[in-house]
Amino acid sequence: MPAPRFPRRPPRLPTVFDVHRHAQVYFVTFCTHQRRPWLAQPNIHATFLAFIQRGWTEHRIGVGRYVIMPEHIHLLVSGGPDFNLGGWVKLLKQSLGKVIRASHRDATTPGSANRLWQEGFFDHLIRRDEKLASVWAYLRQNPETAGLTDVPEDWPYQGEFMVLERVGERAS
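It should be emphasised that the depicted structure is a prediction, and the values quoted were computed from it without experimental measurement.

Caption draft 1: Representation of the environment of E144. By secondary structure assignment, the location of E144 is in helix α3 (residues 129-145). Classification of E144 as partly exposed rests on a relative accessible area of 33%. Here E144 is in contact with T149, D150 and P152, once residues within four sequence places are set aside.

Written as structure tokens, this is what we have:
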């Protein structure tokens, strides 16, 4: 029996769901190439915060709870009906990639210059308020679960830029 084939990158959710007309809340995860621990640093965190601040100010793209782990980032993000999640993640990776290349000599060696990130990203559309609460708790606990801290609040590379509520329930 042949081994099952898996796609090179995670499958995408459709950009616009017709079920809701308002902002969607997505749970997003993306990782560094070969899980290299380049992300849990003050300069990456500062760049991330500047990116999400600019996204809110210029495009009304909101980031809720987030956690920057050494080799991956989890976040909740919400945008309007024309929000392009894939394009937004691509721009975020590019922004963080500039800092990684400036900070890590091994990120600029021949052969690895174009491989800072694992291809693609994972996303999950949050459909119920209970699910949003459980994802929020998962993000908060992630550094403790990974053994990086004894108390989740002590992990310096996390936060909540804004409170996101799953909106879009149609009024009956």
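Caption draft 2: A look at the sheet that holds strand β4 (residues 122-125). Read from one edge of the open sheet, five strands run β4-β1-β3-β2-β5, paired in antiparallel fashion. The two strands at the open ends of the sheet, each matched to only one other strand, are β4 and β5 (158-160). Ignoring which end each strand starts from, the neighbouring axes of this sheet average 15° apart. Sitting on the sheet, helix α1 (residues 42-59) touches β2 (62-68), β3 (72-79) and β5, and the angle it makes with β2 is about 170°. Lying over the sheet, α3 contacts β1 (24-31), β2, β3, β4 and β5, oriented at roughly 150° with respect to β3.

Caption draft 3: Spatial organisation of the packing of α1 against helix α2 (residues 85-103). The contact between α1 and α2 brings their axes to 10 Å, and the two run at 150°. When the axes of α1 and α2 are compared, the pair comes out roughly antiparallel. Judged by the twist between their axes, the crossing of α1 over α2 is right-handed. Of the residues in α2, those in contact with N43, I44, T47, F48, F51 and I52 of α1 are W88, L91, L92, S95, L96, V99, I100 and S103.

Caption draft 4: Geometry of the nonpolar core. Counting 41 residues, the largest nonpolar core has F30, F48, L75, V77 and W88 as its most contacted members. Tallying contributions element by element places α2 first for this core, with seven residues. Setting aside residues up to four positions removed in sequence, F30 forms contacts with E71, H72, I73, L75, V89, L92, K93, L96, W117, G120 and F121.

The rules behind each value
Residues numbered from 1 in each chain as written. Predicted model: local features only at pLDDT ≥ 70, side-chain atom pairs only at ≥ 80, totals over all residues. Heavy atoms only, no water. Helix = DSSP H or I, 4+ residues; strand = E, 2+ residues; numbered from the N terminus. Buried < 20%, exposed > 50% of the residue type's maximum accessible area, 1.4 Å probe, protein only. Contact = heavy atoms within 4.5 Å. Pairing = 2+ DSSP bridges. Axes fitted to C-alpha atoms, helices over the stretch in contact; angles between N-to-C directions. Parallel < 35°, antiparallel > 145°, perpendicular 65-115°, else oblique. Left-handed = near helix turned anticlockwise from the far one by under 90°. Core = buried A, V, L, I, M, F, W, Y, C linked by side-chain atoms within 4.5 Å.

Take it as geometry only, folks, not as evidence of what the structure does.
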